[in-house]
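# Coordinates in review
Residue-level listing of the chains:
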Amino acid sequence: QVQVERFDYDVIVIGAGGAGLRAAIEARQQGKKTAIISKSLFGKAHTVMAEGGCAASMGNVNEKDNWQVHFRDTMRGGKFLNNWRMAELHAKEAPERVWELETYGALFDRTKDGKISQRNFGGHTYPRLAHVGDRTGLEMIRTMQQKIVSLQQEDFAETGDYESHLKVFSECTVTELIKDGDRIAGAFAYWRDSGKFVLFSAPAIVLATGGIGKSFKVTSNSWEYTGDGHALALRAGATLINMEFVQFHPTGMVWPPSVKGILVTEGVRGDGGVLKNSDGKRFMFEYIPDVFKGQYAETEQEADGWYADQDNNRRTPDLLPRDEVARAINSEVKAGRGSPHGGVFLDIASRLPAEEIRRRLPSMYHQFKELADVDITAQPMEVGPTCHYVMGGVEVDPDTASSIVPGLFAAGEVAGGMHGSNRLGGNSLSDLIVFGRRAGLGAAEYIDALEQRPKISESDVDGAAARAVSPFDFPSSGQAENPYSIHAELQQSMNDLVGIIRKEEEVQAALDKLAELKERAKLVAVEGRREFNPGWHLAIDLRNMLLVSECVAKAALLRTESRGGHTRDDFPGMDSKWRNTLLVCEAYDDGARVTPKEQVPMREDLLELFELSELEKYYTDGELADHPQRSG
Ligand code: FAD
């Protein structure tokens, strides 16, 4: 029998980014014995890489801002496909969650009168992003870790054991969720260094594993974004929604090749940077789509005036939502007006004094200096789209973050719904703290209502262990497949065939390729032992990437319109008949299945926050027939 180390908890949080840490803090504060499991080192999550800031309508820089404006911006950014209840909770609760971080010890940049400062970002009507230079995520993670240490010190004072109520297991990867009947009962994992197995029993699990970017070749995401949480949820019987919506951030580095995809924060444009083509033209004025006509500046003079006077000027189209900007860059490059290395130019050098650039964007300054030998205070940057964020994720109840599987919760990037078809920059960091807290609370309430704790059957543990070691079982025959080759082929296919612009034949070709890769993945063989074996880790991650990529491609094929992060060359327009349709993914033995489902209509008081003329751009006539401004 395999050796398995065992632990018993009330709540297990898988993932130690912003969502996971906030969920764990909440669960512990609700008196639950909580474990945080992280595949990477504690502190190394995507949250730590977040640069621009955290959106919250505190109204510190422009007092006209409030939750209603934030809610409207979020729904517009997501092209009205968002789960409106999540967007409502998010807009209402984000300011309180940001202030709460300061009670944990965070220190955001200040306005002259000492309030938390807020910066402009794409799609946000007013300056709204609380930030710490361009290192906001680092401050958030640092303070939440500090809060965890302080809770552990309280526990020590009471029990003599720092880890009695809250313990971190880092470099520990969860491979399977285990159930008792239809309910969650625990999680099976391995230690990255020793390869030894660990079993966590717990009635409630919060997934906070982040995104899926490592299935694409050009991405701002790092090695741990292999869609594990999405796949764990699917295999446990949960549903995913919105998987066709993948965000390609408009500004990733394009040169040199070794750093292609690394993010250039939207804060560069928020602070005055502008996009230019090879003719030196600020091309974004040509790309204001109909739904945003009238909301953005139409001349350079007005756009420049907006940075200083937002009451009398409209915002620059350089700050349109990300999907619009990414498509515009793509079109300029395609039309032969790109930069030497296949991107466009992003110029802040001619817009701000060098010292100011270094003060506001210290990481960007170093990133370009060290990685590309470009001085952004003197030269423009070359930038192009990069796979950045997945809007799709686990279908959850907006208030409790619960999935359809009892005991399974999800928050942060792994959860779906909140951002609809396209996320606004800055709305992820706020999403993490709003829904991280709600997930921790939801898990605690679920446990309080339980009559009996679930049990784990030994045969499930043996099965999980056998599946984990199966890549070692193959003799090194000519038939054996290498996990690195399969991963490279997967990334290339997803990038080329299910990337920023899609069409039926190409998505179908990707699905054929995925079917082939799935078969070949069954023959993946790894050499060596379980200690320090990244080839083996990748073999396990590949199963997740293949399943999740199948969801993305199948949903992308079904949605015959273009909306937000999903652009179909063969269906270029937004089709209001699709606005209210969610594509729901489920896993079966033979792979993923995707079926349409109607979204719950928006509550009337929220609908009334929009002008009828704006709703008419998104809704069908039938849906608006009862609108008071029409019927009255
Ligand atoms: P993460 O912070 O990525 O944490 C995921 C955790 O799950 C990690 O600890 C990982 O190790 C763990 N994990 C994954 N799989 C497993 C497994 N199988 N077993 C155990 N552990 C596992 N958003 C904004 O709002 N504003 C910004 O300015 C901004 N800037 C960004 C800049 C960059 C470069 C990037 C990449 C993203 C940026 N984003 C920004 C997006 C935002 O940072 C992410 O969406 C967000 O941090 C995700 O947080 P999370 O808690 O969901 O996941």
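Look up: the structure comes first, before these words.
Owing to the predicted nature of the structure, the values given are computational and were not obtained by experimental measurement. (Residues numbered from 1 in each chain as written. Predicted model: local features only at pLDDT ≥ 70, side-chain atom pairs only at ≥ 80, totals over all residues. Heavy atoms only, no water.)

Turning to the site of the ligand, a few remarks are in order. For the ligand, the set of nearby residues contains 40 residues, the closest of which are Ser40, Thr47, Gly52, Tyr225 and Asp228. For the ligand, a nitrogen atom lies 2.9 Å from a polar atom in the backbone of Lys39. Gly53 is positioned with one of its backbone polar atoms (N or O) 2.9 Å from a nitrogen atom of the ligand. When contributions to the shell around the ligand are tallied by element, the ones reaching two or more residues are helix H1 (18-29), strand S3 (34-38), helix H2 (46-49), strand S8 (172-180), strand S16 (381-390) and helix H12 (427-448). Among the elements that take part in the shell around the ligand, H12 stands out by supplying four residues, more than any other. Partitioned by chemical class, the residues of the shell around the ligand number 15 nonpolar, 19 polar and six charged. (Near = heavy atom within 4 Å. Polar contact = N/O pair within 3.5 Å; in protein donor to acceptor, adjacent residues only side chain to side chain. Helix = DSSP H or I, 4+ residues; strand = E, 2+ residues; numbered from the N terminus. Nonpolar A, V, L, I, M, F, W, Y, C, P; charged D, E, K, R; others polar.)

Judged by pairing direction, the sheet is antiparallel, and its three strands sit side by side in the order S4-S6-S5 without closing on themselves. Edge strands, defined here as strands with exactly one partner in the open sheet, are strand S4 (54-55) and strand S5 (118-119). Note: S4 against strand S6 (residues 129-130), two bridges, orientation antiparallel. Note on S6: the bridge partner recorded for Cys54 is Ala130. (Pairing = 2+ DSSP bridges.)

A few words on the environment of Gly591. As for its placement among the helices and strands, Gly591 is situated in strand S20 (residues 591-598). Taking the relative accessible area as the measure of exposure, Gly591 reaches 6% and is therefore buried. Taking the C-alpha atoms as reference, Gly591 lies 9.3 Å from Ala515; in sequence the two are 76 residues apart. Sequence-distant contacts of Gly591, that is, excluding residues within four places in its chain, are made with Lys518, Leu547, Glu550 and Glu586. (Buried < 20%, exposed > 50% of the residue type's maximum accessible area, 1.4 Å probe, protein only. Contact = heavy atoms within 4.5 Å.)

Pairing is mixed across the open sheet formed by four strands, whose spatial order is S1-S10-S9-S8. Lying at the two open borders of the sheet, with one neighbouring strand each, are strand S1 (4-8) and S8. With strand direction ignored, the average angle separating the axes of adjacent strands in the sheet is 25°. As paired strands, S1 and strand S10 (residues 197-201) are joined by five bridges and run parallel to one another. Of the residues in S10, the one forming a bridge with Val4 is Phe197. (Axes fitted to C-alpha atoms, helices over the stretch in contact; angles between N-to-C directions.)

Among the secondary structure elements, Pro471 is positioned in the loop between helix H13 (458-469) and helix H14 (483-497). Among all residues touching Pro471, those that are not within four sequence positions of it are Val524, Ala525, Val526, Trp536, Ala539 and Arg543.

What follows deals with the nonpolar core. Ranked by internal contacts, the top residues of the largest apolar core, which has 129 residues, are Leu177, Phe188 and Leu408. Of all the elements, helix H16 (residues 534-558) adds the most residues to this core, at 14 residues. If near-sequence neighbours (up to four positions away) are discounted, Leu408 is found in contact with Leu177, Ile184, Ile205, Leu207, Ala233, Ala236, Ala238, Ala401, Ser402 and Ser403. Leu275, Val325, Leu346 and Leu612 belong to the second-largest nonpolar core, a separate cluster that totals 44 residues. (Core = buried A, V, L, I, M, F, W, Y, C linked by side-chain atoms within 4.5 Å.)

Another aspect to go through is helix H8 (residues 300-308). Those residues of H8 that sit buried are Glu302, Ala303 and Trp306. In an axial view of H8, the angular spread of the buried residues amounts to 100°, which keeps them on one side of the axis. Those residues of H8 that are exposed and angled more than 90 degrees off the buried face are Gln301 and Ala308. (Arc of directions from axis to C-beta.)

Along the chain, the position of Leu558 falls in helix H16. A C-alpha to C-alpha distance of 8.9 Å links Leu558 and Pro596, two positions 38 residues apart in sequence. Not counting the four nearest positions on each side in its chain, Leu558 is found in contact with Trp578, Leu583 and Val594.

All right, on to unusual backbone geometry then. Residues Trp255 and Pro256 are joined by a peptide bond in cis, for which omega reads -5°. Along the chain, the position of Pro256 falls in the loop between strand S13 (246-253) and helix H7 (267-270). Of note in this structure, Asp373 is not a glycine but carries a positive phi near 55°. Mapping Asp373 onto the fold places it in the loop between helix H11 (362-372) and S16. Relative accessible area serves as the criterion here: at 58%, Asp373 is assigned to the exposed category.

Moving on: the side chain of Asn544. Mapped onto the elements, Asn544 comes out in helix H16. Looking at Asn544, its side chain comes within polar contact range of the side chain of Asp228, at 3.0 Å.

Glancing now at the packing of H14 against H16. For the pair H14 and H16, interaxial distance at closest approach is 9 Å and the crossing angle is 25°. Compared by their axis directions, H14 and H16 come out roughly parallel. Here H14 runs over H16; the crossing is left-handed. Contact residues: H14 offers Pro483, Tyr484, Ile486, His487, Leu490 and Met494, while H16 offers Pro534, Gly535, Leu538, Ala539, Leu542, Met545, Leu546, Ser549 and Val552. (Parallel < 35°, antiparallel > 145°, perpendicular 65-115°, else oblique. Left-handed = near helix turned anticlockwise from the far one by under 90°.)

This part takes up the packing of helix H6 (residues 228-235) against H16. Axes are the key here: two packed helices are described by the angle between their axes and the distance separating the axes. Two numbers describe how H6 lies on H16: the axes approach to 8 Å, and their chain directions differ by 80°. When the axis of H6 is compared with that of H16, the two are roughly perpendicular. Together, Asp228, His230, Ala231, Leu234 and Arg235 of H6 and Asp541, Arg543, Asn544, Leu547, Val548 and Cys551 of H16 make up the contact between the two elements. Residue classes in the contact of H6 with H16 are distributed as five nonpolar, two polar and four charged.

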